[in-house]
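# Summary of structural features
Listed below, chain by chain, are the residues.
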Amino acid sequence: METEKKLIVDGVRVDGRKWDELRDIKMKVGVLKNPVGSASIEWGKNKVIAGVYGPREVIPKFEEDSTKAILKCEYNMAPFSVEDRKRPGPDRRSVEISKVITEALSSVVLLEEFPNTQINVYIEILRADAGTRIAGITAASLALADAGVPMKDLVAGCTSGKVNGEIVLDLCKEEDNYGDCDLPVAIIPKNKEIVLLQMDGILTKEEFNKAFDLVVDGAMNVYEMQKKALYEKYKNKDV
Ligand code: ADP
């Protein structure tokens, strides 16, 4: 079903972008003093920060695994991240997002190298404007790299979807709210393996294929930005 609200006029989207254009993205690595690794992302109007602790002692102890480290990712939206204050603390949505991000990042982190430890990843959404899970996982993988946690590769995310019947890249909030479908995806860029794929809405097979190719291309562009952000921090250091 297509929405009535006109969000694309003469090929121009509600925020002035073309169908295959990303929002402006700024990434920075090593933005916090206390955790071992951190990163921030401004993705359009989204503002996200991620911090990593560990590998460190497992608490509670009974969760310890003698074969590998446990990865725990927590996604949290700050009360001031949305227009009407969000009730603080976890809710069903944040529990779901924390779970899918944990599973996605577990595919790249070499957990077997750190048995009997845990690695904690905290993702804080300071301002939300659609696509926060993807901005969150992108920041989290940068923070893990900054912490020196060994990984197969980074994880890069992006979204595509359908708005007024057209396939578009990187939905903004209005497009997410009133559009027809939203397709957040995260990949391991090295081999384009999919580690997160969710779909909110309905697409035909042809539409899905187009949206999928678009979102993978988008994620590959995000990957280039991630590598640049890491390079910016480490270019003058002996590591
Ligand atoms: P994502 O942020 O990954 O796109 P959703 O599709 O669930 O996740 O949410 C889309 C957008 O809706 C969010 O980025 C945010 O702007 C808004 N939103 C989500 N949850 C809330 C909430 N509890 N209160 C207000 N706005 C919210």
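Okay, so let's go over this structure. Predicted model only: the values in this text are computed from it and were never measured.

## Things to note about the pattern of salt bridges
- A full pass over the atoms with the stated rule returns 17 salt bridges.
- Of the charged contacts, one joins K227 and E224 as a salt bridge, the two residues approaching to 3.3 Å between their closest N and O atoms. Of the two residues, K227 and E224 both sit in helix α4 (residues 205–234), three residues apart, roughly one turn of that helix.
- Judged by its relative accessible area of 39%, E224 is partly exposed.

## Comments concerning the pairing of strand β7 (residues 117–127)
- Both strand β5 (residues 46–57) and β7 contribute to a ladder of nine bridges, which runs antiparallel. Its bridge partner lying in β7, R56 is registered against Q118.
- Pairing of strand β6 (residues 70–77) with β7 involves eight bridges; the strand directions are parallel. Following the sheet pairing, C73 is matched in β7 by V121.

## Quick look at the layout of surface pockets
- A volume near 400 Å³ is recorded for the largest pocket.
- In terms of lining, the largest pocket is formed by 17 residues, of which the most central are K45, E83, D129, K173 and E174.
- Ranked by residue count, the leading element in the lining of the largest pocket is helix α3 (residues 173–178), at four residues.
- Taken together, the residues that form the lining of the largest pocket break down as six nonpolar, three polar and eight charged.
- What lines the second largest pocket is a set of 16 residues, among which R93, A130, G131, T132 and D176 lie closest to the centre.
- Contributing elements (two or more residues each) for the lining of the second largest pocket: α2 (132–146), α3 and β10 (181–188).
- Classifying every residue of the lining of the second largest pocket gives five nonpolar, four polar and seven charged.

## With respect to the site of the ligand
- Surveying the vicinity of the ligand reveals 13 residues, the closest of which are R93, A130, G131, T132 and R133.
- Within the backbone of G131, a nitrogen or oxygen atom sits 2.7 Å from an oxygen atom of the ligand.
- Protein contact buries 75% of the 530 Å² of open area that the ligand shows by itself.
- More than half of the atoms of the ligand fall within 2 Å of the grid points belonging to the second largest pocket.
- Taken together, the elements giving at least two residues each to the shell around the ligand come down to α2 and α3.

## Digging into the state of the cysteines
- This model, assessed by the stated rule, comprises zero disulfides.
- C73 forms no disulfide, and the closest cysteine sulfur to it belongs to C158, at a distance of 20 Å.
- Judged by relative accessible area, which is 6%, C73 ranks as buried.

Rules behind the numbers
Residues numbered from 1 in each chain as written. Predicted model: local features only at pLDDT ≥ 70, side-chain atom pairs only at ≥ 80, totals over all residues. Heavy atoms only, no water. Salt bridge = Lys/Arg side-chain N within 4 Å of Asp/Glu carboxyl O. Helix = DSSP H or I, 4+ residues; strand = E, 2+ residues; numbered from the N terminus. Buried < 20%, exposed > 50% of the residue type's maximum accessible area, 1.4 Å probe, protein only. Pairing = 2+ DSSP bridges. 1 Å grid on protein atoms, 1.4 Å probe; cavity = no way out; pocket = protein on both sides within 12 Å on 5 of 7 lines; lining within 4 Å. Points joined across faces, edges and corners; volume = space filled by probe spheres on them. Nonpolar A, V, L, I, M, F, W, Y, C, P; charged D, E, K, R; others polar. Near = heavy atom within 4 Å. Polar contact = N/O pair within 3.5 Å; in protein donor to acceptor, adjacent residues only side chain to side chain. Areas by Shrake-Rupley, 256 points an atom, 1.4 Å probe, with all protein chains shown as cover. Sits in = over half its atoms within 2 Å of the grid points. Disulfide = S-S within 2.5 Å.

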